[in-house]
Amino acid sequence: MRGALGGPRVLLRRLREVMAEPVSAQDRLDKIVVLIAANMVAEVCSVYVLRVDQTLELYATEGLNRDAVHLTVMRVDEGLVGHVAREAESLALSDAQAHPEFAYRPETGEEVYNSFLGVPILRAGNTLGVLVVQNRARRTYTEEEIEALQTTAMVLAEMIASGELTALAKPGAEPAIRRPLHLKGVALADGLGLGHVVLHEPRVKVTNVIADDVVKETARLDAAIGKLRHSIDVMLEDDGLAKAGEHRDILEAYRMFAHDRGWMHKMREAVLSGLTAEGAVERVQSDTRARMMRASDPYLRERLHDLDDLANRLLRELTGRNRGPEREALPENAILVARNMSPAALLDYDRSRIRGLVLEEGGTTSHVTIVARALGIAAVGQVENAAGLADPGDPMIVDGQAGEVHLRPPGDVEEAYAEKVRFRARRQAQYAALRTRPSVTKDGVHVDLHLNAGLLVDLPHIAETGAAGIGLFRTELQFMIASAFPRISEQLKLYRAVLDAAGDRPVTFRTLDIGGDKVLPYMRTVEEENPALGWRAIRLGLDRPGLLRSQVRALLRAGSGRELRLMFPMVAAVDEFDRARAIVERELTHLRKHGHGLPEKVFVGAMVEVPSLLFQLDEILSRADFLSVGSNDLVQFLYAADRSNVRVADRFDPLSPPALRAFRMVAEAGLRHGKPVTLCGELASRPLEAVALAALGYRALSVSPAAIGPVKAMMLELDVSAARRILLPMLEDHSGTADPRAALTAFAKASGLPL
Ligand code: PEP
Ligand code: MG
C-alpha cells in the first residue's frame, strides 16, 4: 500500500497488542488512533461513536485538537462524518471542504486538512460509529487504503460492542449499540408479548478478528468455502429437499453465489489484510447487511439476503457449528426473532414459553403467521434487520396489534405495556364469562360464531371460546407444515381428532387449498406469473384428482357415523363444483362397496371467493348444500388488490358499497334458496365488520379464535334491525359518497356497542 508503514497486517498486529494491554478504555482508544494515523501516514485519525440520541461524539483523535474529545458532537444529518454514518458507506475526498456537506467545527482545528477518508464502524449491518483519517495535502486515497481502514474499523466495532466505552459516556449519551429501539413492522398476530430475545438462528459470535498467520487463515477460508459449496450440492441432489425446509430455487441461487468471484475475492482480500477467516466473512457480511438495509429494489434485497444467509453458513462452517443452531433451553418469556421461520420450526418450540415472534420477513397470510395466530403468539413481521439489531437476552416487547416492536425498552414504555397486558387479561376474563352464552342479538337474532382452525393446536379453542363449531377447517395447513405428503392414514387421524374434539358441534372441512401463496415445499410447482390467479385450490384438485380423491376418502371415513360438511375453495364455475361433487359421490360408492362405515349425512358446499360466482348464485345454490364466503380472496379479486402485498392489501375498504353489495348478494341468494350461508374470511373477526355482516343477513360467521369474545360481546348488545336501517339505504345510494364505515362507527358509538 502506497505510503503506509508496513500495511494493514502490521497495523492489525499492533492493534491486537493494544487491545490486550491492561489500560483504560480512553487510553486504549488514544493509542489506537495514534497507531492508525502513523500506519496510514495521515496527520489525523479520529473515532466518532454513534450515541443513543443519534448523534456522533468525537471519542478520540490524533491530529485534531484533543480538547474537542467528548465535546464535539454532531447530528447524523450534519457534516461528512454524519454522511458516512447515515449511508453506512465509505467516503474518500481529496478536497473535503468543497463537499456540500462539509461542516466547519472551529474547536477541532480541522480547517487545514484537505483530504478526508471516513469509513463506517459496522456490526451486523448497524452503524456504531465512524473512523476518519485526514491529510493536509490533497490526495486521493487508494482502494487498498479504504479497504485497510474498513478492516481496522472492525476492531473498533468489537471494542464498542463489548460495552467498554460505555463507562466514558455521560448518562443519556451512551454509545448507541445498546440503545432502546422502536421498530415498526406489520401486525401479523394480535397480542402483546413481553420477554427476552431468543435468536432462532443465533449469530455466530466472532471473537477473534485479527489473524496470527495469514497463510493459515487463507487456507481455512478456502476449505470452508469448499465445504459450503459441497453441502449446497448435496442438498440440491437430495430429493427430499423439504427436509432442509428450503426451495430448490433458493439453493440454486446459493450455489451461484457460492461460486461468485466478487464475493470470494472480497473475503480473500480481507484475510490478506490481516483478518482471521471469520473476521473476513463478518466484515464482508456487514457490508452486505448495510447495503441490504438501504436497497429499495426488492430483487436486489432478496439477493443480498441470500448472500447474508450464505455468510452465516460459512461462519458456522468455520466455527464448527455447521449442524445448525443447538436448541438451547428457552427462557420463561421468550421472544423469538428470526429473518423468517417455517411453521414447523415454530411448532417445534415449547409454546408455553413463547411470548412473541418477530420476523424480518413474513406476511399477514404467510404460514408461519397462521400458526402463530393459532398458537396465540403475538407476532410482528417485516421488521427491518430485527435479527441483526437484537442480541440474545435483550428485553423486547412485541405489539401484535400495532405491528410494533420495542427493543431494550425504557422503563416507562415497559410499565405502560405491562399495564396494557393486565388490561387485556381483565378483558379476556370478561370474554371467558360469555363463553357459555349463545350469540344472540338484543333483538333476538341468532348469529352463530364458529371458529377458523386448521391444526391440532387449534382444537382446545373450541372449548375455551365456546364456539358453535368450526366454520372453516383449513386442511392444507397439515400439508404445509409436513415435510412430505401426509398419508391418508395421517389425514384420517387428524380429521377424526377434529371431529372428536368438536363433539356434536358442526365442523366444515375445506378441501386442500394449495397453490398461490400456499406452497408445499415438497411439491414441485410450476413457476407462475400470477400465482394467486393461477393453478390453485379446486383447479389443482380437479387436474390432480388423485390428491383430491384421497383427501375426500379420508374425510368421508373420518365422518363415519356422523354428519360431515366439506367445501371446495376457489370455485369459479358451477361445472367445477359438479366435477368435485362427483368425486365425493364416487368415493362414497367406493367406501360403501368396501364395507366402510359412511357418514350419516354429507353436506357439500362451495366457497364464494371468485367474483364470477356472484353472477351464478342461483346455479350454484341449486347444486350446493351451503355457501361460505371467503372474503379474504373475494375482496382481493373484487378490487384486484393482492392480499399479500402490503402496499395494496388494505387500500380498499371492504366496508364500502361495492364489497358490501357483493356480500349482500350472497346472503340474499342463500335466503331465496333456503340454504345456509356463512362468511369465514378475516373480515368477520372485526366487530364493526361483523355488525355490517349481521345487518346484511348473515346468521353464521366463522372467525379466528381470539375474535369470538370481542365479536360475541358486540353481538349481545346489537340491535340488528337498527343496524339494517342504517346500512341498507346506503347500499341504494349511488351518489358515490356513502361512507358505511363512518355511519356504522357512529351507530356503534351511539348505541354503546363494545368495539
Ligand atoms: C378466504 O379467502 O377468505 C378464506 C377464508 O380462505 P383463505 O384465507 O384460506 O384463502
Ligand atoms: Mg381463500
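Since we're looking at a predicted model, the values are computed, not measured.

Cut-offs used in this document
Residues numbered from 1 in each chain as written. Chains lettered and ligands numbered in written order. Predicted model: local features only at pLDDT ≥ 70, side-chain atom pairs only at ≥ 80, totals over all residues. Heavy atoms only, no water. Donors = N, O, S within 2.8 Å, 3.2 Å for Na, K, Ca; no water. Helix = DSSP H or I, 4+ residues; strand = E, 2+ residues; numbered from the N terminus. Near = heavy atom within 4 Å. Polar contact = N/O pair within 3.5 Å; in protein donor to acceptor, adjacent residues only side chain to side chain. Areas by Shrake-Rupley, 256 points an atom, 1.4 Å probe, with all protein chains shown as cover. UniProt positions renumbered as here; feature names shortened; annotations may be inferred. Phe/Tyr/Trp six-rings, centres within 6.5 Å; stacked < 30°, edge-to-face > 60°. Buried < 20%, exposed > 50% of the residue type's maximum accessible area, 1.4 Å probe, protein only. Lys NZ or Arg CZ within 6 Å of the ring centre and 35° of its normal.

Draft legend 1. The arrangement of the coordination of the magnesium ion (ligand 2) in detail. Of the protein atoms, only Glu609 (OE) and Asp633 (OD) coordinate the magnesium ion (ligand 2), at distances of 2.0 Å. Of this pair, Glu609 sits in the loop between strand S19 (601-608) and helix H20 (617-621) while Asp633 sits in helix H21 (residues 631-638), and the two are 24 residues apart along the sequence.

Draft legend 2. Spatial organisation of the site of ligand 1. For ligand 1, the set of nearby residues contains 14 residues, the closest of which are Arg474, Arg510, Glu609, Asn632 and Arg643. At 2.7 Å, a backbone N or O of Asn632 approaches an oxygen atom of ligand 1. Take Asp633: an N or O atom from its main chain is 3.0 Å from an oxygen atom of ligand 1. Protein chains bury 99% of the 290 Å² of accessible surface belonging to ligand 1 in isolation. Secondary-structure elements contributing two or more residues to the shell around ligand 1 are strand S16 (470-474) and H21.

Draft legend 3. Looking closely at the UniProt feature "domain: GAF" (unreviewed entry) in the protein. Here, the residues flagged by UniProt with the feature "domain: GAF" (unreviewed entry) are residues 24-170. Structurally, residues 24-170 comprises 29% helix and 27% strand, and the distance from its first C-alpha atom to its last is 16 Å.

Draft legend 4. Structural detail: the packing of aromatic side chains. One pass over the full model with this rule turns up five aromatic pairs. Residues Phe473 and Phe509 carry aromatic rings whose centres are separated by 5.5 Å and whose planes lie at 65° to one another, so their mutual orientation is edge-to-face. Of the two residues, Phe473 sits in strand S16 while Phe509 sits in strand S17 (residues 507-510), which places them 36 residues apart along the sequence. On the basis of relative accessibility, which here comes to 0%, the residue Phe473 falls in the buried class. We classify Phe509 as buried; its relative accessible area is 0%. Consider the rings of Phe479 and Phe485, whose centres lie 6.3 Å apart with planes at 75°: the pair is edge-to-face. What makes Phe485 partly exposed here is its relative accessible area of 36%. Members of the aromatic cluster, each reached through a chain of ring pairs, are Phe473, Tyr495 and Phe509. Above the plane of the ring of Phe603 lies Lys601, whose end atom (NZ or CZ) is 4.9 Å from the centre.

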